[in-house]
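Per-entry structural report
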Amino acid sequence: MLLILPILLPVVVGILVFLQKEEAKRNRLVVLSVLLTAATALACCLLPDQSLTLMTIEGTLTVTLAVDSVSRLFLIVICVIWALVAFFAFPYIKHEGKGQQFFGFYTVTQGTLMGLALAANFVTLYMFFECMTLITSPLVLHDGRFSSRKAALKYMGYSVFGAGVALAGFFFLAGYLTDQRFTPGGMLDPARAAEHGHLLLVVYLLMVVGFGAKAGLLPMQAWLTTAHPVAPAPASAVLSGIITKGGVLAILRVTYYMYGAEFLQNTWAQKTLLILALATIFVGSMLAYKEQVLKKRLAYSTVSQVSYVLFGLLLLTPEGFCGGLLQVVFHAVVKNVLFLAAGAIIYNTHYTEVDQLRGIGQKMPVTMWCFTLGTLSLIGIPPMSGFISKWYLAMGAFHAAFPVVGMVGVVVLLVSALLTAGYLLPIVTRGFFPGADVTVEQKEVGPYMTIPLVILSAFAVLLGLFPNGLIHWLEGLSGLIF
């Protein structure tokens, strides 16, 4: 019964938040929700692997929750990020307005994410995946302007269509599965799968591209760069750092828990998706380099960086698998740092263009030091956390089944790192060294906004200095799968 609590608590409290008009009481409800949800999620993580069936549909299909190593990783990351962004959002959304709407949907969204992480089979995962899309759309739609309505519709269109493609794939795949529950190493019946191997690979390709819409994989990435500029900064932060990882989680489950690495290795489908992931990395970095709107530049960066995760997972090697999941954690932390720092700048100065940020490091030193640490990690400069994940991705590429694709992958990762430096470091240098002709008055945002930034920046540093515990955990998980 414990497994239902991390889902049920934020949904129930979120409904109360919708009904609470008084700001102070509403904020206390949000804090209560994120703390209780984190406590129950931690309790689930500490217990041995277990499952809970909520309902049965048409005899064999069930809505089932379960906790395993993958769900533990995603539960912890979601709870930490959700709590810190909530505190940042209190003053930001007070300034933006519509606090009941934002915090109501924000709180309920955490419940859907908990369900997605705890999903024990495809039916449960798909149900929470679609719920996540529907409930996060109002976060994009927040201010109600035409551009926001257009962005929310685009986000829903891409996400629902992509998930629908994946669902169609499952309808075909279900007849070849030996079990409905996610199983490390895959659930395919070897004899039946051998008869229609080529067709099953087509289905796999479509399912990955479908779920890849949420993760920003080409050609389904356009919603990201439309939604981020119009959404409030706290919404942009969780959309980029957490919601995109919903697509990653779905692809991980399909790849390693439904098909299995052994069936997919050395196939044309694997090669095609690796090339698609590398193309996304390069194109996202190039477009970010050319973009002048700060939040849109960070959105293009997300398109690129989340495909680092997909590249690692699609390598189907233990090193690539570990590198991909390390990137899940590190990117979630770092991209929240960057988007929240951008939000603090917009909140304090109303500057939205990169060219307007000369001297911003002198005006907002704490915010910009956090932005700088996030930048160094995203580039992959040691000893920052981003270096660790990119190192494992490179090792995975060297051991890939397709040597040429692996070598090209290493080159693309290096070029992307250089482009990342090109589109983020100038913001830092011009921010701290604007020139003698620029004089600014120091005016930092308040503690509700700076403390979450400092904590997340500290995580970006500490996870790079002391990664061994996380690496050991992920290596143990990869041992179960390979």
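Before going into details, it helps to say that this report is about the structure given with it. Owing to the predicted nature of the structure, the values given are computational and were not obtained by experimental measurement.

Criteria and thresholds
Residues numbered from 1 in each chain as written. Predicted model: local features only at pLDDT ≥ 70, side-chain atom pairs only at ≥ 80, totals over all residues. Heavy atoms only, no water. 1 Å grid on protein atoms, 1.4 Å probe; cavity = no way out; pocket = protein on both sides within 12 Å on 5 of 7 lines; lining within 4 Å. Points joined across faces, edges and corners; volume = space filled by probe spheres on them. Helix = DSSP H or I, 4+ residues; strand = E, 2+ residues; numbered from the N terminus. Nonpolar A, V, L, I, M, F, W, Y, C, P; charged D, E, K, R; others polar. Phe/Tyr/Trp six-rings, centres within 6.5 Å; stacked < 30°, edge-to-face > 60°. Lys NZ or Arg CZ within 6 Å of the ring centre and 35° of its normal. Expected span 1.5 Å × (residues − 1). Buried < 20%, exposed > 50% of the residue type's maximum accessible area, 1.4 Å probe, protein only. Lys, Arg positive; Asp, Glu negative; His and termini not counted. Salt bridge = Lys/Arg side-chain N within 4 Å of Asp/Glu carboxyl O. Contact = heavy atoms within 4.5 Å.

1. Side note on empty space enclosed by the protein
Evaluation of the coordinates by the stated rule reveals two cavities of 30 Å³ or more. Estimated volume of the largest cavity: approximately 90 Å³. Lining the largest cavity are Phe74, Val77, Ile78, Leu113, Leu116, Ala117, Ile242, Lys245, Gly246, Leu249, Val328 and Ala332. For the lining of the largest cavity, the secondary structure elements donating two or more residues are helix H3 (69-96), helix H4 (99-118), helix H10 (233-259) and helix H14 (318-349). Residues of the lining of the largest cavity, tallied by class, amount to ten nonpolar, one polar and one charged. If you add up the space inside the second largest cavity, you get close to 50 Å³. Along the walls of the second largest cavity sit Gln305, Gln327, Phe330, His331, Val334, Ser377, Leu378, Ser385, Gly386, Ser389 and Lys390, which together make up its complete lining.

2. A few points about the packing of aromatic side chains
Summed over the entire model, instances satisfying the criterion amount to 23 aromatic pairs. On the basis of an interplanar angle of 20° and a centroid distance of 6.4 Å, the ring pair of phenylalanine 87 and tyrosine 448 is categorised as stacked. Residue phenylalanine 87 is found in helix H3, and its partner tyrosine 448 is found in helix H19 (residues 447-465); the two are separated by 361 residues along the sequence. Taking NZ or CZ as reference, arginine 192 lies 4.7 Å from the ring centre of tyrosine 176, over its face.

3. Remarks on H4
For H4, with 20 residues, the first-to-last C-alpha span of 29 Å sits near the 28 Å given by 1.5 Å per residue. Across the 20 residues of H4, 17 count as buried, placing the element largely inside the fold.

4. So, unusual backbone geometry
Cis geometry is adopted by the peptide bond preceding proline 219, which originates at leucine 218 and carries an omega value of 5°. Backbone torsion omega between proline 382 and proline 383 reads 5°, so that peptide bond is classified as cis. Tracing the chain through its elements places proline 383 in the loop between helix H16 (365-379) and helix H17 (385-398). Look at asparagine 266: it is not a glycine, yet its phi comes out positive at around 65°. Residue position: asparagine 266 is located in the loop between helix H11 (261-264) and helix H12 (268-290). The backbone of histidine 350 shows a phi angle near 70°, a positive value even though the residue is not glycine. Structurally, histidine 350 is set in the loop between H14 and helix H15 (360-363).

5. A look at the side chain of lysine 245
In this fold, lysine 245 is placed in helix H10. Salt bridges are absent for the buried lysine 245, whose nearest opposite-charge side chain, aspartate 68, sits at 18 Å. Those residues in contact with lysine 245 that sit more than four places away from it in its chain are Phe74, Ser240, Val306, Val328, His331 and Ala332.

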